[in-house]
Amino acid sequence: MEDKKKNLHHEEHQHTKEHEGHGHSMKHEHSEHENQHESHKSHEHMEHAEHAKHTEHTEHTGHAEDGHHNHHSHHAHMVADFRKRFWVSLILTVPVLILSPLIQKLFGLEKVLTFPGDLYVLFGISTLIFFYGGYPFLKGFYEELKNKKPGMMTLIAVAISTAYVYSSVVVFGLEGEMFFWELATLIDIMLFGHWIEMKSVMGASRALEELAKLMPSDAHKLMPDGSLVDVPLEELKPGDIVLVKPGEKVPADGIIIDGESSLNESMLTGESKPVHKKKNDIVIGGSINGEGSLKIEVKKTGKDSYLSQVIELVKEAQESKSKTQDLANRAAVWLTGIALSTGALTFFVWTLVMGKSFVFALERTVTVMVIACPHALGLAVPLVVAVSTAISAKNGLLIRDRVAFEKARNIQAIVFDKTGTLTMGKFGVTDVVKLSDDITEDEILSYAASVELHSEHPIAKAIAQAGKNRMNVDDFKAIPGKGAEGIVDGKHVMVVSPGYLREKGIKIENEKINEMLSAGKTVVYLLIDDELKGAIGLADIIRPESKEAIARLKKMGIKCMMLTGDNEQVAKWVAKELNLDEYFAEVLPHEKSQKIKEIQSRNLVVAMTGDGVNDAPALVQADVGIAIGAGTDVAVESADIILVRSDPRDVVAIIELAKKTYKKMVQNLLWATGYNAIAIPLAAGVLYKFGILLSPAIGAVFMSLSTVIVAINAKLLKLER
């Protein structure tokens, strides 16, 4: 299973997981890229479809925009080139149509429009169209032959060259009909189809440019003397202090050292609500500051930043080959062979079997070549890949391995790590029990929170956070190993452990408390003036989103399981709360991958969802490894899919997106191959006796239409959240 991870081609970079305190460095190798590029180099316009099939692997320095600006310019230049060639060729087509004998005959204008040497003028203008308008196809044909990968460009080049050479020979003496007007209109339609198609494709691949644009152009750097200087982002380095004013974009990843505000991270993480941030919280470069002013210490810049890593991952995902894509590529090669052999067969049947003229047979052959172009087929999968990767990145779902992502649609069992994935990974109050009639649950929490506010213990912090109304405390004292005490509102208040009660001989019998203890919860007691008033139960809090995520996964027919190093009681309580199908307790980190193997041995396609640090071996072992809650540390080495937010519902979102993506790929493949299966026989003239005959120009129209339909269908892919 580890092999599937080795095809991830990252540029080397070190990445420190600072805010979780787990140091781990990562090295990603960049391999196979040149091979992928070679196989597609000939197909110039496909660079748009497969977004990353160009060799420039840009480094994201500064605000990560320059490299992608070049990338965008490259695409925009190609779109402009096809547009220009189309308009020039279209204008030149007008005299070609006027001078074509067939058109003149059709409109009865032979006597009006003919003049000495008119055919040579027709030949000259057609030659211009052939070499200028047809250049991208002729160049593509040369590249395909050089790479021994005949494909669509081969078909177009053969079609237009056949028409041009044959018509030219007719001008200079051979008896027959001229195809110049069909050659010109065919090139026009091909150029127009490519231009429209590339515009559609650019829409799909523009998400990366949009991500790069998220960064501001400069930052307000706080100098040692207290002055503010505006500096370009490229000059920022870790350790610098920057000021972010209300409404401005955060210039780099960092930690708030002063101030608090709400930050809009929706374009980065998909989280629609502004996130409240205060001192010591991590902020992501590119997020938009709300109402407060913030001083931020820069931690990561350039290609180490969250945004640059997201862009890198998106590019990598668009580069990585999927199984469906390989299927499409194989189909395209087959289709090329079928088209060339069908073309030859068409010519042979019409001339030798049916006894038709050479010109008629040639026209049928040319039409077969044109209409058989696997244009739509070549785009069917790459376009969906570009769109789905962009959608997922905008929603905080980062795909690193396309093959694993495709597998996600077939997941039968999901294994969740408990701590930090299904739960918050921190203590919180889960229950408050009254042990006296003269006090309310809220009052129990208020008294306890007032005392515990002065303690640094994790349990004390959790209680202090849960209490809403805190009161003044006098004479606060910690009771080592047992709790804390103080005078609140003139009363002696103590928050103590069960050990303190045992020591003092205070016995307690309460069903609710027994339930909490059997669930493995921590229980502390409140005494006021030495009288037992209440008990507070604490545990690792279950994420509010976990219940919904599990319910939705089970509705999809997926078994939901949990792995935890925690004891049996805690695991049982969480499993019961979330209605899990199965759980495994007291599992040591190195045993997690064994558990995944066990589940796989039941012939189930298994996904593992964890935080990507201690779950690494299990993430690698699983058919699909999903790292959840990676936050700003997006490059979790072991995972196939990274979910930026700590929201288990994103696991549902990624499975739904995988299903929809595959569906779109299949729809596009069916449309592209189905179209060719019907169009080729029509082009060959099987319905000739019914008066149905496709001309090369009409064939080109249908082919371009097929391509545009595939492009539009890919863009219809959406992720409902």
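Refer to the structure printed above.
An account of the accompanying structure is given in this report. Predicted model, so just to flag it, every value in this text is computed and none were measured.

### A look at the packing of helix H22 (residues 544–555) against helix H26 (residues 649–684)
Any two packed helices are characterised by the angle at which their axes cross and by the distance between the axes. The contact between H22 and H26 brings their axes to 8 Å, and the two run at 30°. With respect to each other, H22 and H26 are oriented roughly parallel. Two secondary-structure elements touch here, H22 through Glu 545, Glu 548, Ala 549, Arg 552 and Leu 553 and H26 through Arg 649, Val 652, Ile 655 and Glu 656. In terms of residue class, the contact of H22 with H26 is built from four nonpolar, no polar and five charged.

### Looking at the sheet that holds strand E14 (residues 483–488)
On the basis of which strands lie adjacent, the open sheet formed by six strands has the order E12-E17-E16-E15-E14-E13 and antiparallel pairing. The open sheet has two edge strands, strand E12 (423–434) and strand E13 (473–479), and neither has a second partner. Within the sheet, the average angular offset between the axes of one strand and its neighbour, ignoring direction, is 20°. Its contacts with the sheet put helix H19 (residues 458–466) on E12, strand E15 (491–496), strand E16 (522–528) and strand E17 (531–542), and the angle it makes with E12 is roughly 65°. Running at roughly 165° to E12, helix H21 (residues 511–518) makes contact with E12, E16 and E17 of the sheet.

### Side note on H21
Its side-chain oxygen 2.9 Å from the backbone nitrogen of Lys 512, Asn 510 forms the N-cap of H21. Of the residues flanking the end of H21, it is Gly 520, one or two places downstream, whose phi is positive at about 80°.

### With respect to H26
Taking 1.5 Å per residue as the helical rise, H26 with its 36 residues ought to reach 52 Å, and the 53 Å between its terminal C-alpha atoms agrees with that figure. Taken from the residues just after H26, Gly 685 is the one with a positive phi, measuring 100°.

### Quick look at the packing of aromatic side chains
The geometry of an aromatic ring pair comes down to the distance between the two centres and the angle between the two planes. Going through the model one piece at a time under the given rule, you end up with 16 aromatic pairs. Seen in terms of ring centroids, Phe 131 and Tyr 164 are 6.0 Å apart; in terms of plane orientation they differ by 75°. Their pairing is edge-to-face. Placement of the pair is Phe 131 in helix H7 (residues 118–133) and Tyr 164 in helix H9 (residues 152–171), with a sequence separation of 33 residues. Among the residues examined, Phe 131 registers a relative accessible area of 48% and is labelled partly exposed.

### Let's talk about the sheet that holds strand E18 (residues 559–563)
Reading across from one edge, E10-E22-E21-E20-E11-E18-E19 is the order of the seven strands in this open sheet, with mixed pairing throughout. The open sheet terminates on both sides in strands that have one partner only, identified here as strand E10 (397–399) and strand E19 (582–584). The average angle at which neighbouring strand axes cross in this sheet is 20°, direction not considered. Pairing of strand E11 (residues 413–417) with E18 involves five bridges; the strand directions are parallel. Paired with Ala 413 across the bridge in E18 is Lys 559. Contacts from H26 reach E10, E11, strand E20 (606–610), strand E21 (624–628) and strand E22 (641–643), with the element oriented near 50° to E10.

### Section: the pairing of E18
Counting buried positions over the five residues of E18 gives four, a clear majority of the element. For E18 and E19, the ladder comprises three bridges, and the chain directions are parallel. Note that in E19 the partner of Leu 563 across the bridge is Phe 584. Of the crossover connections in this fold, the one passing from E18 over helix H23 (residues 568–578) to the parallel E19 is right-handed.

The rules behind the values
- Residues numbered from 1 in each chain as written.
- Predicted model: local features only at pLDDT ≥ 70, side-chain atom pairs only at ≥ 80, totals over all residues.
- Heavy atoms only, no water.
- Axes fitted to C-alpha atoms, helices over the stretch in contact; angles between N-to-C directions.
- Helix = DSSP H or I, 4+ residues; strand = E, 2+ residues; numbered from the N terminus.
- Parallel < 35°, antiparallel > 145°, perpendicular 65-115°, else oblique.
- Contact = heavy atoms within 4.5 Å.
- Nonpolar A, V, L, I, M, F, W, Y, C, P; charged D, E, K, R; others polar.
- Pairing = 2+ DSSP bridges.
- Polar contact = N/O pair within 3.5 Å; in protein donor to acceptor, adjacent residues only side chain to side chain.
- Expected span 1.5 Å × (residues − 1).
- Phe/Tyr/Trp six-rings, centres within 6.5 Å; stacked < 30°, edge-to-face > 60°.
- Buried < 20%, exposed > 50% of the residue type's maximum accessible area, 1.4 Å probe, protein only.
- Right-handed = clockwise from strand over helix to strand, strands pointing away.

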